[in-house]
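Structural overview for review
So the chains spell out like this:
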Amino acid sequence: MTGHTEPHAQGRGAAHGHRTVQEHRARLAELLAPLAQRPAEERSLDAALGAALAADLVAPVSLPPFDNSQMDGFAVRSADFRGDVGARGGDLGAKGGDLGAKGGDLGAKGGDLGATGGDLGREFTVVAAIAAGDVPAPLQPGQAAPIMTGALLPEGADAVVPIEWAVPSRFPEPGATVALPAVEPGTYVRRAGSDVAAGAVVLPAGTPIGARQVGLAAALGFTALSVRAPLRVLVISTGAELAPDGEPLGPGQIYDANGWLLSSALREDGLEAENAVSRSDDPASLRHELAEAARAAEEGRLDLVITTGGVSKGAFEATKLALDEHDVEFSHLAMQPGGPQGLGSFEGLPVVAFPGNPVSCWISWEVLLRPVLAEVVGAPRCRRRLTARLAAPLDSPHGKLQVRRASLRQDGSVALVGGPGSHLLGALAVSDALVLVPEDVTDLAAGADVEVWLT
Ligand SMILES: Nc1nc2c(c(=O)[nH]1)N[C@H]1C(S)=C(S)[C@@H](COP(=O)(O)OP(=O)(O)OC[C@H]3O[C@@H](n4cnc5c(N)ncnc54)[C@H](O)[C@@H]3O)O[C@H]1N2
Ligand code: MOO
């Protein structure tokens, strides 16, 4: 069947006997729900990065905190353009005409510089310049104060004329005169509270703290935030084939990729992660690691364990065997890669068991665990999703959500990177997106719309 994909279409037409992705996410959400109750803690801004806000963030001050200039120019009382202050106001009308035209030019070039408010201008007496950080004297009628971007507007002033519109177009000494085109009240003035009003909720509880949120908090004067600490996760890779780090590979051996891949993915998303390796197919070895992890959890040092490997149908599935007597269920999802999965708890510690293939681990994190943590704990965020045109045709197994590694191209189309195999780490490393092909779609033509997650 050929068809267009629908976003979030996972769940329809799952292969017989296979659990759907939605069902599995629901079970994960149940398992991990208690993690949402972790106590709030105060963290400095840098340490809060990656955590989720424990309570609404309320602005203690307005932004901007005071009326200030948006341009380097002259602070004026706009009523002066309508009054008869200054005997030479009439003459300057003509000059003002030129000036207005200048303003128009600038507007065309500079976007919003055209707000001259009319052609008539007048001459002002220049007073002391105001730099950002200065506390200026009140502005009297007929005066223009040179003012720099961000500086506090003097009392009485209600508009700013950019320096480019002035004649002469430079800042003269106090006592000199300057001709300025007429402007409306509010021209190039950034009003107090026009960005954020004091007392407003600027970020709701649960918001993950990233650079933009830290920037806002800093601007509001916060030095610390009340957050739920990032989850602390231990990734345990399993397998007798895993060679010790840095040693030459023996026959049949491979290096551990999963522990590094997953712990880095978690850290990249603001979680705290460590990795351990159980280099054995003896379930006792993994049980030993898990018992230590359970103690760490009891002491409040760990929230979650992710294991990799040993969950399919082989003769030496150490993870399955190690968790045999525990409250952990194993199932096969209607998803490829990432089919075999386990979840449950070991002595009270939540355990999520991913399959051993590295790409399966990545997909299990991205498509299963990450969206559930976003929903339950608030961090990390879900990946951004969009619909894009396929650059080339694809086929997909019936009854399984297929998740392909891909790259978003400059023209907005999406190209698959590598094949569907879950051992293809080289292709994963050069991908920047995932393409999700629903269970009931088996082939798609070039140009078909597909659901894309940006990774
Ligand atoms: N008869 C069946 N065989 C398999 C099935 C199945 O349904 N029936 N499922 C396949 C699928 S799908 C997957 S995925 C794998 C999952 O197997 P396990 O979770 O038991 O993982 P392992 O057998 O331990 O390893 C699989 C593969 O990944 C390599 N690996 C393991 N750990 C690491 C690591 N830390 N770093 C890098 N690579 C790792 C391992 O050497 C294997 O090549 O089962 C299929 N088989
Ligand atoms: O589902 Mo396995 O995870 O294809 O490779």
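On a predicted model such as this, the values are computed, not experimentally measured, just so you know. (Residues numbered from 1 in each chain as written. Chains lettered and ligands numbered in written order. Predicted model: local features only at pLDDT ≥ 70, side-chain atom pairs only at ≥ 80, totals over all residues. Heavy atoms only, no water.)

1. Observations concerning the nonpolar core
Under the convention used in this document: The definition of a nonpolar core used throughout is a set of buried Ala, Val, Leu, Ile, Met, Phe, Trp, Tyr and Cys residues joined through side-chain atoms within 4.5 Å. Only protein chains enter the accessibility calculation, which uses a 1.4 Å probe. A residue is then buried if its area is under 20% of the maximum for its type, exposed if over 50%, and partly exposed in between. The helix and strand labels rest on DSSP assignments: H or I over at least four residues marks a helix, E over at least two residues marks a strand, and numbering proceeds from the N terminus. Boundaries of every domain are those given by an automatic assignment or by a domain database. Any two residues whose heavy atoms approach within 4.5 Å at even a single point are treated as in contact.
Counting residues in each nonpolar core, the largest one holds 40 residues, and the members touching the most others are Met335 and Val367. Among the secondary structure elements, those contributing two or more residues to this core are α1 (21-32), β13 (232-238), α5 (258-268), β17 (304-308), β21 (349-354), α8 (358-376), β24 (401-408) and β26 (433-437). The residue makeup of this core includes at least three contributed by each of domain 1 (21-38 + 229-376) and domain 4 (385-454). If sequence neighbours within four positions are ignored, Val367 has contacts with Val21, Arg25, Met335, Leu401, Val403, Leu434 and Trp453. Grouped together as the second largest cluster of nonpolar side chains are 28 residues, Ala75, Phe81, Ala145 and Val178 included.

2. What about the sheet that holds β21?
The condition is simple: The pairing criterion for strands is at least two bridges between them, as found by DSSP. Where helices are involved, their axes are fitted lines through C-alpha atoms of the stretch in contact, as for all axes, and angles between N-to-C directions lie from 0 to 180°.
Taking strand neighbours across the sheet as the criterion, the 6 strands line up as β16-β13-β17-β21-β20-β18 in an open arrangement whose pairing is mixed. At either margin of the open sheet sits one strand with a lone partner, and together these are β16 (272-278) and β18 (327-332). Sheet twist, expressed as the average angle between the axes of neighbouring strands with direction ignored, equals 15°. The pairing of β17 with β21 spans 4 bridges and is parallel. Of the residues in β21, the one forming a bridge with Ile306 is Val352. In this fold α1 packs onto β17, β18, β20 (340-346) and β21, with an angle of close to 15° to the strand it touches most, β20. Seen against the sheet, α8 touches β17, β20 and β21 and runs at an angle of roughly 125° to β21.

3. Here's the deal with the pattern of salt bridges
Going by this rule: Here a salt bridge means any side-chain nitrogen of Lys or Arg lying within 4 Å of a carboxyl oxygen belonging to Asp or Glu.
For the structure shown, the criterion picks out 10 salt bridges. Here Arg370 makes a salt bridge to Asp269, at a shortest N to O gap of 2.3 Å. Placement of Arg370 in helix α8 and of Asp269 in the loop between α5 and β16 is noted, with a sequence separation of 101 residues between them. With respect to class, Arg370 is no different from Asp269; both count as buried. Between Arg301 and Glu299 there is a salt bridge, with its nearest N and O atoms 2.5 Å apart. The exposure class assigned to Arg301 is partly exposed, which follows from its relative accessible area of 49%. Here the residues in one salt-bridge network are Arg19, Arg27 and Glu329, joined through shared partners.

4. Here's the deal with the packing of aromatic side chains
Centre-to-centre distance and the angle between the planes together describe a pair of aromatic rings. Here is the rule we go by: Here a pair means two rings of Phe, Tyr or Trp (six-membered ring of Trp) with centres within 6.5 Å. Their orientation is stacked below 30 degrees between planes, edge-to-face above 60, and tilted elsewhere.
Enumeration according to the criterion identifies 3 aromatic pairs in this entry. On the basis of an interplanar angle of 50° and a centroid distance of 5.5 Å, the ring pair of Phe74 and Phe171 is categorised as tilted. On the criterion of sequence distance, the pair formed by Phe74 in strand β5 (residues 73-76) and Phe171 in the loop between β8 (159-162) and β9 (177-181) is long-range, its members being 97 residues apart. Exposure remark for Phe171: the relative accessible area of 33% places this residue in the partly exposed category. Seen from their ring centres, Phe81 and Phe124 are 5.3 Å apart, and the 65° between their planes marks the pair as edge-to-face.

5. Focus on the site of ligand 2
To keep things clear, this is the line we draw: Any residue with at least one heavy atom within 4 Å of a molecule or strand is counted as near it. Polar contacts, as counted here, are pairs of nitrogen or oxygen atoms within 3.5 Å of one another; within protein the pair requires one atom able to donate a hydrogen and one able to accept it, and residues that are adjacent in sequence qualify only if both atoms are side-chain atoms.
Around ligand 2, a shell composed of Gln336, Pro337, Gly338, Gly339, Pro340, Asn357, Ser360 and Ser422 is seen. At 2.7 Å, a backbone N or O of Gly339 approaches an oxygen atom of ligand 2. Here an oxygen atom of ligand 2 sits 2.3 Å away from a polar atom, N or O, in the side chain of Ser422.

6. Brief notes about α8
Formally: What a helix is expected to span follows from its residue count: subtract one and scale by 1.5 Å. The angle between axes fitted to the seven residues ending at a residue and the seven residues starting there is what we call the bend at that residue.
Taking 1.5 Å per residue, 19 residues should reach 27 Å; α8 reaches 25 Å between its end C-alpha atoms and fits that length. The largest bend along α8 reaches roughly 40° and is located at Leu369, with the proline Pro371 sitting one to four residues downstream. Burial runs high along α8: 18 of the 19 residues are buried. At the exit of α8 stands Gly378, carrying a positive phi of roughly 95°.

7. Overview of the domain arrangement of the chain
What counts here: The term buried area refers to how much accessible surface (probe radius 1.4 Å) is lost by two components on association, counted for both of them together. Note on residue classes: Ala, Val, Leu, Ile, Met, Phe, Trp, Tyr, Cys and Pro are nonpolar, Asp, Glu, Lys and Arg are charged, and everything else, Gly too, is polar.
In terms of domains, the chain is made up of domain 1 (21-38 + 229-376), domain 2 (40-61 + 205-228), domain 3 (68-190) and domain 4 (385-454). For domain 1 and domain 2, the distance between their C-alpha centroids amounts to 30 Å. Where domain 1 abuts domain 2, roughly 510 Å² becomes buried across the two surfaces, and 46% of that area is made up of carbon and sulfur atoms. Counting across the domain 1 and domain 2 interface gives 1 salt bridge. Taken together, domain 1 and domain 2 are joined by 1 residue pair in polar contact (both at pLDDT 80 or more). Residue composition of the side of domain 1 that touches domain 2, grouped by class: 3 nonpolar, 1 polar and 3 charged.

8. So, the sheet that holds strand β12 (residues 224-228)
Here we have 3 strands laid out as an open sheet, ordered β1-β12-β2, and antiparallel in their pairing. Of all the strands in the sheet, just β1 (40-44) and β2 (52-53) have a single pairing partner and so form its edges. In terms of strand pairing, β1 meets β12 through 5 bridges, oriented antiparallel. For Glu42, the partnering residue across the bridge sits in β12 and is Ser226.

9. Description of the packing of α1 against α8
Stated formally: An angle below 35 degrees is read as roughly parallel, one above 145 as roughly antiparallel, one from 65 to 115 as roughly perpendicular, and any other as oblique. Note: crossing handedness is left-handed where the near helix turns anticlockwise from the far helix by less than a right angle, and right-handed where it turns clockwise.
The N-to-C vectors of α1 and α8 enclose an angle of 50°; their axes lie 9 Å apart at closest approach. What the angle tells us is that α1 and α8 run oblique. Viewed along their axes, α1 and α8 form a crossing whose handedness is right-handed. Contacts between α1 and α8 involve Val21, His24, Arg25, Leu28, Ala29 and Leu32 on the former and, on the latter, Val367, Leu368, Leu369, Pro371, Val372, Leu373, Glu375 and Val376. For the contact of α1 with α8, a count of residues per class yields 11 nonpolar, 1 polar and 2 charged.

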